[in-house]
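Understanding the architecture of this molecule
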Amino acid sequence: MSTYSAAAIAPPNIAFIKYWGNRDEVLRLPVNGSLSMNLDGLWARTRVTFVPGLAADTLTLNAQPQRGASLERVRAFLDLVRQMSGLRWAAAVQSENNFPAGAGIASSAAAFAALALAATAAAGLEMDRAALSRLARRGSGSAARSVPDGFVEWEVGQDDRTSYAFSIAPPEHWELLDCVTVISRAHKPVGSSAGHRLAASSPLQAARVDDAPQRIARCRQAILERDFAALAEVVEQDSNLMHAVMMTSSPPLFYWLPATLRVMEAVRRWRREGLPVCYTIDAGPNVHVLCLPEAQEEAQRRLAALEGVQQVIVARPGHGARLLEEENA
Ligand code: DP6
(Lines give C-alpha, C1' and ligand atoms only; values in the text may rest on other atoms or scores of the structure.)
Protein backbone atom coordinates (compact mmCIF):
# COMPACT_ATOMS: atom_id res chain seq x y z
CA MET A 1 0.00 0.00 0.00
CA SER A 2 1.34 3.46 -0.85
CA THR A 3 2.24 5.83 1.98
CA TYR A 4 -0.52 8.12 0.69
CA SER A 5 -3.22 5.83 2.03
CA ALA A 6 -4.95 5.66 5.42
CA ALA A 7 -8.12 4.20 6.94
CA ALA A 8 -10.23 5.63 9.75
CA ILE A 9 -13.43 4.83 11.59
CA ALA A 10 -15.94 7.27 13.12
CA PRO A 11 -19.31 6.98 14.89
CA PRO A 12 -22.57 8.77 14.20
CA ASN A 13 -23.81 10.98 17.05
CA ILE A 14 -27.18 12.01 18.43
CA ALA A 15 -27.63 15.70 19.28
CA PHE A 16 -29.21 16.51 22.65
CA ILE A 17 -29.08 20.23 21.76
CA LYS A 18 -29.54 20.56 18.01
CA TYR A 19 -27.71 22.37 15.26
CA TRP A 20 -30.27 23.92 12.87
CA GLY A 21 -29.22 26.83 10.68
CA ASN A 22 -25.87 28.23 9.53
CA ARG A 23 -24.59 31.75 9.73
CA ASP A 24 -22.00 30.91 7.07
CA GLU A 25 -23.06 28.16 4.70
CA VAL A 26 -19.68 27.64 3.02
CA LEU A 27 -17.74 27.40 6.28
CA ARG A 28 -20.69 25.66 8.01
CA LEU A 29 -20.57 28.05 10.94
CA PRO A 30 -23.71 27.30 12.94
CA VAL A 31 -26.12 29.86 14.40
CA ASN A 32 -26.01 28.08 17.76
CA GLY A 33 -23.78 25.69 19.65
CA SER A 34 -24.85 22.06 20.05
CA LEU A 35 -24.26 19.07 22.30
CA SER A 36 -24.27 15.36 21.48
CA MET A 37 -23.34 11.81 22.36
CA ASN A 38 -21.37 9.50 20.06
CA LEU A 39 -23.03 6.15 19.37
CA ASP A 40 -20.91 3.10 20.12
CA GLY A 41 -20.92 0.05 17.86
CA LEU A 42 -22.12 2.02 14.84
CA TRP A 43 -19.53 3.37 12.42
CA ALA A 44 -18.44 4.60 9.05
CA ARG A 45 -15.12 3.11 7.97
CA THR A 46 -13.27 4.97 5.25
CA ARG A 47 -10.04 4.44 3.33
CA VAL A 48 -8.52 7.30 1.35
CA THR A 49 -5.72 6.66 -1.15
CA PHE A 50 -4.14 9.52 -3.09
CA VAL A 51 -3.06 8.02 -6.41
CA PRO A 52 -0.54 9.65 -8.77
CA GLY A 53 -2.04 9.82 -12.25
CA LEU A 54 -5.65 9.20 -11.18
CA ALA A 55 -7.79 11.54 -13.31
CA ALA A 56 -10.42 12.46 -10.71
CA ASP A 57 -11.54 11.55 -7.18
CA THR A 58 -13.67 8.42 -6.93
CA LEU A 59 -16.05 7.31 -4.17
CA THR A 60 -17.58 3.95 -3.35
CA LEU A 61 -20.13 3.65 -0.57
CA ASN A 62 -20.83 0.11 0.67
CA ALA A 63 -19.05 -1.07 -2.52
CA GLN A 64 -21.39 0.96 -4.79
CA PRO A 65 -19.63 3.56 -7.01
CA GLN A 66 -21.14 7.01 -6.30
CA ARG A 67 -21.77 9.86 -8.73
CA GLY A 68 -23.59 13.16 -8.61
CA ALA A 69 -24.09 15.21 -5.46
CA SER A 70 -22.50 12.80 -2.95
CA LEU A 71 -19.33 12.51 -5.06
CA GLU A 72 -19.18 16.30 -5.57
CA ARG A 73 -19.47 16.88 -1.82
CA VAL A 74 -16.55 14.52 -1.17
CA ARG A 75 -14.49 16.14 -3.96
CA ALA A 76 -15.03 19.61 -2.51
CA PHE A 77 -13.92 18.26 0.86
CA LEU A 78 -10.80 16.60 -0.60
CA ASP A 79 -9.94 19.95 -2.25
CA LEU A 80 -9.63 21.40 1.26
CA VAL A 81 -7.22 18.63 2.23
CA ARG A 82 -5.23 19.19 -0.98
CA GLN A 83 -5.04 22.93 -0.22
CA MET A 84 -3.80 22.23 3.30
CA SER A 85 -1.21 19.63 2.27
CA GLY A 86 -0.02 20.89 -1.11
CA LEU A 87 -0.75 17.42 -2.49
CA ARG A 88 -2.33 17.60 -5.96
CA TRP A 89 -3.27 14.00 -6.68
CA ALA A 90 -6.81 12.75 -6.93
CA ALA A 91 -7.96 10.18 -4.38
CA ALA A 92 -9.88 6.92 -4.31
CA VAL A 93 -12.28 6.89 -1.34
CA GLN A 94 -13.91 3.67 -0.14
CA SER A 95 -16.43 3.93 2.66
CA GLU A 96 -18.70 1.50 4.48
CA ASN A 97 -21.38 1.99 7.12
CA ASN A 98 -22.45 -0.78 9.47
CA PHE A 99 -25.78 0.90 10.27
CA PRO A 100 -28.83 0.75 8.03
CA ALA A 101 -29.53 3.69 5.73
CA GLY A 102 -32.70 5.63 6.52
CA ALA A 103 -32.82 4.50 10.16
CA GLY A 104 -32.67 8.08 11.40
CA ILE A 105 -28.99 7.78 12.29
CA ALA A 106 -27.18 10.65 10.54
CA SER A 107 -24.67 9.04 8.20
CA SER A 108 -23.01 12.32 7.13
CA ALA A 109 -21.59 12.91 10.63
CA ALA A 110 -19.82 9.54 10.73
CA ALA A 111 -18.87 9.76 7.05
CA PHE A 112 -17.16 13.17 7.15
CA ALA A 113 -15.46 12.57 10.51
CA ALA A 114 -13.92 9.34 9.13
CA LEU A 115 -13.09 11.04 5.82
CA ALA A 116 -11.41 14.01 7.55
CA LEU A 117 -9.17 11.73 9.60
CA ALA A 118 -8.35 9.26 6.80
CA ALA A 119 -7.72 11.96 4.18
CA THR A 120 -5.46 14.11 6.37
CA ALA A 121 -3.49 11.05 7.53
CA ALA A 122 -3.16 9.84 3.93
CA ALA A 123 -1.88 13.30 2.91
CA GLY A 124 0.69 13.24 5.72
CA LEU A 125 -0.91 16.09 7.71
CA GLU A 126 -0.53 16.12 11.48
CA MET A 127 -3.79 17.38 12.98
CA ASP A 128 -4.79 17.85 16.57
CA ARG A 129 -8.38 16.99 17.61
CA ALA A 130 -9.61 20.59 17.39
CA ALA A 131 -8.18 21.06 13.89
CA LEU A 132 -9.69 17.77 12.79
CA SER A 133 -13.10 18.69 14.21
CA ARG A 134 -12.93 22.06 12.43
CA LEU A 135 -12.12 20.36 9.14
CA ALA A 136 -14.85 17.69 9.54
CA ARG A 137 -17.31 20.57 10.15
CA ARG A 138 -16.66 21.78 6.58
CA GLY A 139 -17.97 18.45 5.22
CA SER A 140 -21.04 18.19 7.47
CA GLY A 141 -21.68 20.35 10.52
CA SER A 142 -22.58 17.48 12.81
CA ALA A 143 -19.39 15.63 11.74
CA ALA A 144 -17.44 18.10 13.91
CA ARG A 145 -19.05 16.32 16.89
CA SER A 146 -18.08 12.80 15.76
CA VAL A 147 -14.35 13.57 16.13
CA PRO A 148 -13.93 13.87 19.95
CA ASP A 149 -14.87 11.11 22.43
CA GLY A 150 -18.07 10.48 24.34
CA PHE A 151 -20.25 13.47 25.24
CA VAL A 152 -19.35 16.37 23.00
CA GLU A 153 -20.01 20.10 22.77
CA TRP A 154 -19.64 22.02 19.50
CA GLU A 155 -18.76 25.59 20.32
CA VAL A 156 -20.69 28.07 18.19
CA GLY A 157 -17.47 30.14 17.90
CA GLN A 158 -16.94 33.40 16.05
CA ASP A 159 -15.16 32.15 12.95
CA ASP A 160 -13.62 29.11 11.30
CA ARG A 161 -10.85 28.88 13.89
CA THR A 162 -13.08 29.04 16.97
CA SER A 163 -16.00 26.82 15.90
CA TYR A 164 -15.11 23.22 16.74
CA ALA A 165 -16.23 20.40 19.02
CA PHE A 166 -14.56 19.00 22.14
CA SER A 167 -15.28 16.26 24.64
CA ILE A 168 -17.01 17.30 27.88
CA ALA A 169 -17.02 13.74 29.31
CA PRO A 170 -15.66 10.36 28.18
CA PRO A 171 -18.09 7.61 27.12
CA GLU A 172 -17.62 5.78 30.45
CA HIS A 173 -18.86 8.85 32.34
CA TRP A 174 -22.56 7.88 32.05
CA GLU A 175 -24.20 4.81 30.59
CA LEU A 176 -27.00 6.53 28.70
CA LEU A 177 -28.58 4.40 26.01
CA ASP A 178 -30.06 5.55 22.72
CA CYS A 179 -32.90 3.29 21.58
CA VAL A 180 -33.23 4.34 17.94
CA THR A 181 -36.88 3.70 17.15
CA VAL A 182 -37.29 3.19 13.40
CA ILE A 183 -40.68 4.20 12.02
CA SER A 184 -39.86 4.71 8.35
CA ARG A 185 -36.85 3.99 6.18
CA ALA A 186 -38.08 6.18 3.33
CA HIS A 187 -35.65 8.77 2.02
CA LYS A 188 -36.45 12.11 3.67
CA PRO A 189 -37.94 14.66 1.27
CA VAL A 190 -35.75 17.55 2.46
CA GLY A 191 -32.24 16.78 3.72
CA SER A 192 -30.43 18.65 6.51
CA SER A 193 -28.36 20.90 4.22
CA ALA A 194 -31.51 22.26 2.53
CA GLY A 195 -33.26 22.44 5.91
CA HIS A 196 -30.49 24.60 7.42
CA ARG A 197 -31.09 27.10 4.62
CA LEU A 198 -34.80 27.37 5.50
CA ALA A 199 -34.33 27.80 9.25
CA ALA A 200 -34.01 31.60 9.15
CA SER A 201 -37.38 31.89 7.38
CA SER A 202 -39.19 30.82 10.57
CA PRO A 203 -40.07 33.70 12.92
CA LEU A 204 -39.40 31.25 15.79
CA GLN A 205 -35.76 30.66 14.85
CA ALA A 206 -34.48 33.85 16.52
CA ALA A 207 -36.05 32.85 19.84
CA ARG A 208 -34.73 29.29 19.55
CA VAL A 209 -31.20 30.58 18.85
CA ASP A 210 -31.29 33.26 21.58
CA ASP A 211 -32.18 30.69 24.19
CA ALA A 212 -29.64 28.07 23.02
CA PRO A 213 -26.74 29.03 25.36
CA GLN A 214 -29.05 28.56 28.33
CA ARG A 215 -30.19 25.11 27.08
CA ILE A 216 -26.59 24.07 26.41
CA ALA A 217 -25.60 25.06 29.95
CA ARG A 218 -28.53 23.08 31.41
CA CYS A 219 -27.78 20.06 29.24
CA ARG A 220 -24.04 20.15 30.01
CA GLN A 221 -24.78 20.31 33.73
CA ALA A 222 -27.31 17.45 33.53
CA ILE A 223 -24.69 15.29 31.80
CA LEU A 224 -21.88 16.19 34.21
CA GLU A 225 -24.18 15.50 37.21
CA ARG A 226 -25.76 12.42 35.58
CA ASP A 227 -29.16 13.96 36.27
CA PHE A 228 -31.61 12.13 33.99
CA ALA A 229 -34.70 14.14 34.96
CA ALA A 230 -32.98 17.44 34.11
CA LEU A 231 -31.58 15.96 30.89
CA ALA A 232 -34.99 14.68 29.78
CA GLU A 233 -36.59 18.09 30.23
CA VAL A 234 -34.04 20.07 28.24
CA VAL A 235 -33.52 17.43 25.51
CA GLU A 236 -37.25 17.17 24.74
CA GLN A 237 -37.67 20.94 24.84
CA ASP A 238 -34.76 21.44 22.42
CA SER A 239 -36.10 18.84 19.99
CA ASN A 240 -39.59 20.37 20.15
CA LEU A 241 -38.13 23.84 19.53
CA MET A 242 -36.25 22.67 16.42
CA HIS A 243 -39.35 20.97 15.04
CA ALA A 244 -41.43 24.09 15.76
CA VAL A 245 -38.94 26.04 13.62
CA MET A 246 -39.08 23.39 10.89
CA MET A 247 -42.89 23.42 10.82
CA THR A 248 -43.00 27.22 10.62
CA SER A 249 -40.35 27.71 7.89
CA SER A 250 -41.28 28.81 4.37
CA PRO A 251 -41.90 26.31 2.93
CA PRO A 252 -42.70 24.36 6.10
CA LEU A 253 -40.98 21.07 6.90
CA PHE A 254 -43.02 18.35 8.60
CA TYR A 255 -40.84 15.37 9.45
CA TRP A 256 -43.18 13.60 11.89
CA LEU A 257 -45.49 10.74 10.99
CA PRO A 258 -48.45 9.61 13.14
CA ALA A 259 -46.27 6.91 14.73
CA THR A 260 -43.67 9.57 15.64
CA LEU A 261 -46.28 11.33 17.79
CA ARG A 262 -47.41 8.00 19.21
CA VAL A 263 -43.84 7.30 20.41
CA MET A 264 -43.44 10.84 21.82
CA GLU A 265 -46.69 10.58 23.72
CA ALA A 266 -45.88 7.12 25.10
CA VAL A 267 -42.38 8.16 26.19
CA ARG A 268 -43.73 11.17 28.09
CA ARG A 269 -46.35 8.97 29.77
CA TRP A 270 -43.82 6.27 30.72
CA ARG A 271 -41.59 8.93 32.26
CA ARG A 272 -44.48 10.30 34.32
CA GLU A 273 -45.01 6.73 35.52
CA GLY A 274 -41.36 6.55 36.64
CA LEU A 275 -39.45 4.99 33.72
CA PRO A 276 -36.27 7.03 32.95
CA VAL A 277 -36.86 7.68 29.23
CA CYS A 278 -37.02 10.77 26.99
CA TYR A 279 -37.10 11.44 23.26
CA THR A 280 -35.27 13.49 20.67
CA ILE A 281 -35.95 13.62 16.91
CA ASP A 282 -33.69 14.73 14.05
CA ALA A 283 -34.70 15.68 10.50
CA GLY A 284 -36.86 12.61 9.95
CA PRO A 285 -39.72 10.61 11.47
CA ASN A 286 -37.64 8.21 13.59
CA VAL A 287 -37.34 8.76 17.33
CA HIS A 288 -34.22 8.49 19.47
CA VAL A 289 -35.40 7.33 22.89
CA LEU A 290 -32.74 7.94 25.53
CA CYS A 291 -32.88 5.84 28.67
CA LEU A 292 -30.90 4.61 31.65
CA PRO A 293 -29.64 0.99 31.62
CA GLU A 294 -32.23 -0.17 34.18
CA ALA A 295 -35.01 0.90 31.81
CA GLN A 296 -33.56 -0.55 28.62
CA GLU A 297 -35.33 -3.91 28.50
CA GLU A 298 -38.68 -2.45 29.42
CA ALA A 299 -38.31 0.53 27.05
CA GLN A 300 -37.23 -1.67 24.16
CA ARG A 301 -40.11 -4.09 24.71
CA ARG A 302 -42.71 -1.32 25.00
CA LEU A 303 -41.35 0.60 21.99
CA ALA A 304 -41.32 -2.50 19.78
CA ALA A 305 -44.98 -3.13 20.70
CA LEU A 306 -46.17 0.34 19.56
CA GLU A 307 -48.07 0.47 16.28
CA GLY A 308 -45.85 1.59 13.40
CA VAL A 309 -42.50 0.79 15.03
CA GLN A 310 -40.36 -1.30 12.67
CA GLN A 311 -37.16 -1.78 14.65
CA VAL A 312 -35.32 -0.59 17.75
CA ILE A 313 -31.51 -0.27 17.54
CA VAL A 314 -29.73 0.30 20.87
CA ALA A 315 -26.43 2.17 21.18
CA ARG A 316 -24.35 3.23 24.20
CA PRO A 317 -21.97 6.22 24.44
CA GLY A 318 -18.93 5.74 22.23
CA HIS A 319 -15.49 7.07 21.33
CA GLY A 320 -14.86 9.47 18.48
CA ALA A 321 -12.94 9.10 15.22
CA ARG A 322 -9.77 7.03 15.19
CA LEU A 323 -7.22 5.77 12.70
CA LEU A 324 -7.20 2.07 11.93
CA GLU A 325 -3.49 1.57 12.56
CA GLU A 326 -3.40 -2.11 11.68
CA GLU A 327 -4.82 -1.31 8.26
CA ASN A 328 -2.43 1.58 7.81
CA ALA A 329 0.72 -0.40 8.54
C1 DP6 B 1 -31.28 17.74 12.75
O2 DP6 B 1 -24.88 18.06 10.12
O3 DP6 B 1 -26.57 16.71 8.82
O4 DP6 B 1 -29.44 16.23 12.84
O5 DP6 B 1 -23.98 20.30 7.79
O6 DP6 B 1 -25.73 20.13 6.05
O7 DP6 B 1 -24.45 18.07 6.73
P8 DP6 B 1 -25.01 19.41 7.15
O9 DP6 B 1 -26.13 19.11 8.23
P10 DP6 B 1 -26.15 18.02 9.38
O11 DP6 B 1 -27.33 18.63 10.30
C12 DP6 B 1 -27.74 17.97 11.44
C13 DP6 B 1 -29.13 18.38 11.79
C14 DP6 B 1 -29.78 17.60 12.90
C15 DP6 B 1 -29.43 18.17 14.28
C16 DP6 B 1 -28.04 17.86 14.80
O17 DP6 B 1 -27.50 16.77 14.56
O18 DP6 B 1 -27.51 18.73 15.52
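Turning our attention to the nonpolar core. Counting 33 residues, the largest nonpolar core has Phe16, Phe151, Leu176, Ile223 and Leu231 as the members making the most contacts within it. Elements represented by at least two residues in this core include exactly strand S2 (13-17), strand S5 (34-38), strand S11 (165-169), strand S12 (177-182), helix H6 (212-224), helix H7 (228-247) and strand S15 (311-315). Considering every element that reaches this core, the biggest residue donor is H7, with five residues. Viewed by domain, this core spans two of them, domain 1 (5-172) and domain 2 (173-315), each represented by three or more residues. Dropping the residues within four chain positions of it, Leu176 is found in contact with Phe16, Met37, Phe151, Phe228, Leu231, Cys291, Leu292, Ala315, Arg316 and Pro317. Core analysis: the next-biggest nonpolar cluster, separate from the first, contains 31 residues, Phe77, Ala118, Leu135 and Val147 among them.

This brings us to the packing of aromatic side chains. The tally for this structure, following the rule as stated, stands at four aromatic pairs. For the pair Tyr4 and Trp89, a centre-to-centre distance of 4.9 Å together with 80 degrees between the ring planes defines the contact as edge-to-face. Within this pair, whereas Tyr4 is found in the segment before strand S1 (5-10), its partner Trp89 is found in the loop between helix H1 (69-85) and strand S9 (90-97), the two being separated by 85 residues in sequence. Since its relative accessible area comes to 29%, Trp89 is described here as partly exposed. On the numbers, 6.4 Å between centres and 70 degrees between planes, the contact of Tyr164 with Phe166 is edge-to-face. Using a relative accessible area of 26% as the deciding quantity, one classes Tyr164 as partly exposed. What makes Phe166 partly exposed here is its relative accessible area of 28%.

A few words now on the site of the ligand. Near the ligand you find 17 residues, and of these Arg73, Ser140, Gly141, Ser142 and Ser193 are the closest. At 2.7 Å from an oxygen atom of the ligand is found a side-chain nitrogen or oxygen belonging to Arg28. Separating an oxygen atom of the ligand from a backbone N or O atom of Gly141 is a distance of 2.7 Å. The protein chains hide 97% of the 460 Å² of surface that the ligand would expose on its own. Each of two domains, domain 1 (5-172) and domain 2 (173-315), supplies a minimum of three residues to the shell around the ligand.

This brings us to the packing of H1 against helix H2 (residues 107-122). Geometry of a packed helix pair, given as the angle between the helix axes and the separation of the axes. Following both chains from N to C, one finds H1 and H2 inclined at 35 degrees, their axes separated by 10 Å at the closest point. Relative to H2, the crossing made by H1 is right-handed. Across the interface between the two elements, Arg73, Val74, Phe77, Leu78 and Val81 of H1 pack against Ser108, Phe112, Leu115, Ala116, Ala119 and Thr120 of H2. Looking at side-chain class alone, the contact of H1 with H2 contains eight nonpolar, two polar and one charged residues.

In an α-helix, one full turn covers 3.6 residues, which means residues spaced three or four apart are oriented alike. With 13 residues, H6 extends 18 Å from end C-alpha to end C-alpha; this agrees with the ideal 18 Å at 1.5 Å per step. Of all the positions in H6, only Ala212, Arg215, Ile216, Cys219, Ala222 and Ile223 are classed as buried. One face of H6 carries all of its buried residues, which in axial projection span an arc of 130 degrees. For H6, the secondary structure elements touched by its buried residues are S2, S5, strand S10 (151-154), S11, helix H5 (205-210) and H7. Once H6 ends, the next one or two residues include Arg226, with phi positive near 50 degrees.

Cut-offs used in this document
Residues numbered from 1 in each chain as written. Predicted model: local features only at pLDDT ≥ 70, side-chain atom pairs only at ≥ 80, totals over all residues. Heavy atoms only, no water. Core = buried A, V, L, I, M, F, W, Y, C linked by side-chain atoms within 4.5 Å. Buried < 20%, exposed > 50% of the residue type's maximum accessible area, 1.4 Å probe, protein only. Helix = DSSP H or I, 4+ residues; strand = E, 2+ residues; numbered from the N terminus. Domains from an automatic or database assignment. Contact = heavy atoms within 4.5 Å. Phe/Tyr/Trp six-rings, centres within 6.5 Å; stacked < 30°, edge-to-face > 60°. Near = heavy atom within 4 Å. Polar contact = N/O pair within 3.5 Å; in protein donor to acceptor, adjacent residues only side chain to side chain. Areas by Shrake-Rupley, 256 points an atom, 1.4 Å probe, with all protein chains shown as cover. Axes fitted to C-alpha atoms, helices over the stretch in contact; angles between N-to-C directions. Left-handed = near helix turned anticlockwise from the far one by under 90°. Nonpolar A, V, L, I, M, F, W, Y, C, P; charged D, E, K, R; others polar. Expected span 1.5 Å × (residues − 1). Arc of directions from axis to C-beta.

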